[in-house]
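Per-entry structural report
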Amino acid sequence: MPDYSWPPMNDRRVIGKRISRLDGGAKSSGRAKYASDFYRKDLLFGMLLTSPHAHAKIVSINLDDAKSLKGVTAVRAIAAPGDEIQWEGAEIAAVAATSEEIARDAIRNIKVEYQVLPHLVKEEDLSKAGPRAKAAGEQVTGDPDKAFQDADAVVVEGFYGIPVLTHCCLESHGNVVEWRQDGLNLWPSTQNVSGIGGDLATSLKYPAGKIKVEMDYIGGGFGSKFAADRWGVETAYLSQMSGGRPVKLMLERRDELMIGGNRPSGFAKIKVAAKKDGTITAWQSESWATGGIGGGGSPPLPYVFTEIPNKRMSHSAVATNTGGVRAWRAPNHPQASYLTCSALEDLAAKLKMDPVDLFMKNLEVTARADTYRAQLVKASELIEWKKNWHQRGEGDPGPVKRGLGLAINTWGGGGHTSQCRTIINPDGSVQIEIGSQDVGSGTRTVITQVAAETLGLPVGSVQLVMGNNSLPPSGPSGGSTTVGGVSSSTRKSSVNALNKLLETVAPVMGVQPEQLKAVDGRIQMKDNPSKSMTWQAACAKLGTNKISEMGANDQRKPEGLNSSGVGGIQMADVSVDTETGIVKMNRFVAVQDVGLVVNPKLADSQIHGAVIMGICGALMEERVMDAYTGRMLNPDMEFYKLAGIGDIGEIISHLDITPEHDKRGVIGLGEPPAIGVVAAIANAVANAIGVRVPRVPLTPMHVLAALEGRNA
Amino acid sequence: MKSKNPPGTSRRGFIRGVGITSTAVGAVVLEKTALAEPFAVAKTIGPDAAPITLKVNGKPVNIIVEPRVTLLDAMRNQIGLTGAKRVCDRGTCGACTVMIDGKVNYSCTVLAIDAQGRDIQTIEGLAPAGKLHPVSAAFVSQDGQQCGYCTPGFVMAAKGFLDRNPDPSYEQVEHGLGGNLCRCGTYVGVRKAVLEAAKEMKGSRHA
């Protein structure tokens, strides 16, 4: 059994270095090609007609006027008369044409008659949901009633809400499909290069082996781009109907925001009891959420503080006539962190206790008390908590109030199943082949670093081939599983390939293969560096035979190369103008637990990005539905707000890069720092202005309403 | 309650109407600044597709477009310049940013026919093949990008900003780059990248 373990921290030449992302130049020069950039002279343009109604029955669809337009090559009805449409944006028909303009005209020429049905699109008021709310069974631990009635207990009750967000990928969902006689070519925008072809094959009832998938770059996914999707299937049929010409169909922005994916909401009435010293004794939560017609799953409550002795939790899934939910960066965790940390901060305020002390006091009911304890200390130091914190509402006397807040996170992040091939050529060149994808997290760079480290070469000597489904399969990029998976498979295939090379050159050097190692572009004796040969010379000994070796990571058996399970503490420092209701970010601190960090520069970027996405959610983002018409009121980027460069303040990330953390192997980082941001900011605002804003985003409207003591 | 398909008052339909009425102005402008061997220009353009000449990255390009086609769509769908991205498609996010006559513009809000006779610079024209413009290079070294989809727009906006503000403060960068949006959250790197590019460009006075 070869030794695949990571080299000792101090011996690493490439892993752990702050190398700039290797595809950075391709992206920042505009040369990187995304699915939406596909350009060929015979390309056709596909487009969808989507439902303007939230709930309706199709009476008739007439495609004649669309088909008769010059330049239209295919028109298909997706829905049929009698079908019930359950959300605005549902796919009704699709067209392909020689130009986007003609396709748009064709869409306009399709005549659809709907019988409009009653809808429910808002879930904030559970009493209005009626039979659309389905209660899951109550979970009870200990004796919550008794604990709440304890004469010494301090009890706090609150209502908290976090709305549905949409993924709003900058490159909308979509693909190019060319369905030829001899096979089908798919150029998707996907987080799942190795798997999406099989998904499409199933829908088309077409042999998966005849579907070729290629994708070099993806313009954002965040959990919403795993499947071939309805529009992918339709694009294939449009191509087939158009004589096999390639058809590009990317969702229009409004459809992207309605059907391209959304994160379920989370509302809850929460009651918490504690002793006067802050020890939490009881938790009660009645939560509800929607993620579309399928309802919405329960956030894991209470979050992190799971072992509170007395608990009662109930959850209702509210089925609304809105687009379907998709996974979003740490599914259900941001909601759970927000709901839990808000209630705990309110408890601390009632106890007149510093919330850091309250968290400290209760760490024994979490799964990683030591980690959080150290992180609370570190984060407090970085944000100067002791200097800047004040009792709730007791800050600056002027109209602009400053406040601090904190939140907690936990995540898995173990590596997914992944295969990789390392090829060493007689001319010394090295190729890594892997059916993975770089969603912007830096996967390309990480894989290359691992291969280079293992082979004792600089990153520039390793050529990486990824992004198509003929390569060794690797899992989809979700759950922060990619970095652990691909780094482990790359390590193994490269160790295997190197061992083959060492077996070839050892006899030439008159030593045993085990006595050799690869370092700094040379093959040398471990205990006698002067006995060595260059990498080139060593590879030349291969004659005409290249080395091609596989390596695999098994999600269930990571063999120490990667692992799972982290915690994090996040703190926000905000200023709130109580006259305008505007919240301004001063500083945000993210202290995050990690394992072996392959590239600290990219790790920092992951944290910064996660925090900024959380700032968007805390201050701006919300899918706004109109109860009367059932339509989304802000399916565009003017009114579906994202933070700009001036909205984020200073962001400080902290990773413990120590032997103790490193020995756990690689752990994914994309999701955990995205979890507690909304919670920390909401708590900071409560600390600043002295009242709880009961729901996010913390827009001026919601902040002013809370200050006036009414519900927004 | 029954309803027919709604009329679909999209911005496209709106622009189409505006485009037709404003073409006379566009044609006059073009006559004054005629390029080498352009298409013969009709006095009125539309409603059908018409030949026009655009000057992109210093070179004339002949295309045939309907008056309603935006400069962005003309570049992406007809000229094959896909560095500028279509994201919000209505002048909010800046992913389609190009320079027109030296000024930063959202190419999704300019009709192709109105861009005739004007000097259009895209990300593709920023540096010769195989080379990186100092702004692009700074986005790499400061990691001002993740998925990269907003990045060409950011780079062009930063270039235009630095042309006017060669020695910006941190606050000016935040204000000057406020017209571009990123979903991955790359602003920390972008801020540093623009400041680094300013330093680099001051040193070399790069075009």
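A few points about the domain arrangement of chain A
Bring the parts together and some accessible area is lost; that lost area is often taken as the interface size. All names here are of chain A. Domain annotation for chain A reports domain 1 (35-118 + 173-250), domain 2 (262-413 + 564-708) and domain 3 (415-553). Taking the mean C-alpha position of each, domain 1 and domain 2 sit 38 Å from one another. Counting residues at the interface gives 14 residues for domain 1 and 12 residues for domain 2. Each partner contributes to the roughly 1,100 Å² buried at the junction of domain 1 and domain 2, and carbon and sulfur atoms together form 50% of this total. Three residues stand out in domain 1 for area buried against domain 2, namely W87, E88 and F222, and they jointly supply 47% of the buried area on that side. Across the domain 1-domain 2 interface, the total number found is 7 residue pairs in polar contact (both at pLDDT 80 or more). When grouped by side-chain class, the residues that make up the side of domain 1 that touches domain 2 number 7 nonpolar, 5 polar and 2 charged.

Looking at the pattern of salt bridges
All names here are of chain A. Tallied over the full model, the rule gives 49 salt bridges over all chains. With a closest N to O distance of 2.7 Å, D229 and R326 form a salt bridge. On the criterion of sequence distance, the pair formed by D229 in helix α6 (residues 229-241) and R326 in the loop between β18 (310-318) and α8 (333-351) is long-range, its members being 97 residues apart. Here R587 makes a salt bridge to E384, at a shortest N to O gap of 2.9 Å. Of this pair, R587 sits in strand β28 (residues 583-592) while E384 sits in the loop between α10 (369-383) and α11 (385-388); the two residues are 203 residues apart in sequence, bridging distant segments of the chain. Its relative accessible area of 13% is what places R587 among the buried residues. Using a relative accessible area of 31% as the deciding quantity, one classes E384 as partly exposed.

Considering the interface of chain A and chain B
Taken together, the contact pairs 70 residues of chain A with 62 residues of chain B. Across the chain A/chain B interface, buried area totals approximately 5,300 Å², and carbon plus sulfur atoms make up 51% of it. Together, S28, L170 and I645 of chain A form the three largest contributors to the area buried by chain A at its contact with chain B, with a combined 15%. Where E621 of chain A meets R183 of chain B, a salt bridge forms, and the shortest distance between an N and an O atom there is 2.7 Å. The interface formed by chain A and chain B contains 29 residue pairs in polar contact (both at pLDDT 80 or more). Secondary-structure elements contributing two or more residues to the side of chain A that touches chain B are α1 (24-28), β1 (44-50), α3 (100-109), β6 (111-116), α15 (600-619) and β29 (650-655) of chain A. If you tally residues by element for the side of chain A that touches chain B, the top one is α15 of chain A, at 9 residues.

Looking at the sheet that holds β29 of chain A
All names here are of chain A. Judged by pairing direction, the sheet is mixed, and its 4 strands sit side by side in the order β19-β27-β28-β29 without closing on themselves. With partners counted over all chains shown, the strands left at the sheet margins are β19 (400-411) and β29, one partner each. Taken over all neighbouring pairs, the strand axes of this sheet differ in orientation by 15° on average, direction set aside. Each of β19, β27 (566-577), β28 and β29 is contacted by α10, which is oriented at about 30° to β27, the strand it contacts most. Where α15 meets the sheet, it contacts β27, β28 and β29, and its direction lies at approximately 135° from that of β29.

Observations concerning the packing of aromatic side chains
Each pair of aromatic rings is reported with the distance of its centres and the angle of its planes. Applying the stated rule across the entire model yields 10 aromatic pairs over all chains. Ring centres of W179 of chain A and Y237 of chain A lie 6.0 Å apart, and the angle between their planes is 45°; on these two criteria the pair is classed as tilted. In this pair, W179 of chain A sits in strand β11 (residues 174-180) while Y237 of chain A sits in helix α6, placing the two residues 58 residues apart along the sequence. Residue classification places Y237 of chain A among the partly exposed positions, given a relative accessible area of 21%. In textbook terms, an aromatic cluster arises when at least three aromatic residues are bridged by ring pairs, as seen for Y34 and Y217 of chain A together with Y149 of chain B. Between the NZ or CZ atom of R263 of chain A and the centre of the ring of W328 of chain A, over which it lies, the distance is 5.1 Å. The side chain of R444 of chain A reaches across the aromatic face of Y217 of chain A, ending 4.4 Å from its centre.

Comments concerning the pairing of β27 of chain A
Residues and elements named next belong to chain A. Of all the 12 residues making up β27, 11 are buried; the element is thus mostly covered by neighbouring parts of the structure. One ladder, built from 9 bridges, connects β27 with β28; its direction is antiparallel. The partner of Q570 across the bridge, within β28, is A590.

Description of the sheet that holds β11 of chain A
All names here are of chain A. Judged by pairing direction, the sheet is mixed, and its 7 strands sit side by side in the order β3-β5-β1-β14-β11-β12-β13 without closing on themselves. The sheet is open, and its two borders are formed by β3 (72-77) and β13 (211-213), each paired with just one other strand. The average angle at which neighbouring strand axes cross in this sheet is 20°, direction not considered. Running at roughly 25° to β1, α3 makes contact with β1, β3 and β5 (91-97) of the sheet.

Some thoughts on α6 of chain A
Residues and elements named next belong to chain A. When the terminal C-alpha atoms of α6 are compared, their 19 Å separation across 13 residues agrees well with the 18 Å that a helix rising 1.5 Å per residue should span. For α6, the set of buried residues is D229, W231, G232, V233, E234, T235, A236, L238 and S239. One or two positions beyond α6, positive phi appears at G243, with a value near 70°.

Calculation notes
- Residues numbered from 1 in each chain as written.
- Chains lettered and ligands numbered in written order.
- Predicted model: local features only at pLDDT ≥ 70, side-chain atom pairs only at ≥ 80, totals over all residues.
- Heavy atoms only, no water.
- Domains from an automatic or database assignment.
- Contact = heavy atoms within 4.5 Å.
- Buried area = accessible area lost by both parts, 1.4 Å probe.
- Polar contact = N/O pair within 3.5 Å; in protein donor to acceptor, adjacent residues only side chain to side chain.
- Nonpolar A, V, L, I, M, F, W, Y, C, P; charged D, E, K, R; others polar.
- Salt bridge = Lys/Arg side-chain N within 4 Å of Asp/Glu carboxyl O.
- Helix = DSSP H or I, 4+ residues; strand = E, 2+ residues; numbered from the N terminus.
- Buried < 20%, exposed > 50% of the residue type's maximum accessible area, 1.4 Å probe, protein only.
- Pairing = 2+ DSSP bridges.
- Axes fitted to C-alpha atoms, helices over the stretch in contact; angles between N-to-C directions.
- Phe/Tyr/Trp six-rings, centres within 6.5 Å; stacked < 30°, edge-to-face > 60°.
- Lys NZ or Arg CZ within 6 Å of the ring centre and 35° of its normal.
- Expected span 1.5 Å × (residues − 1).

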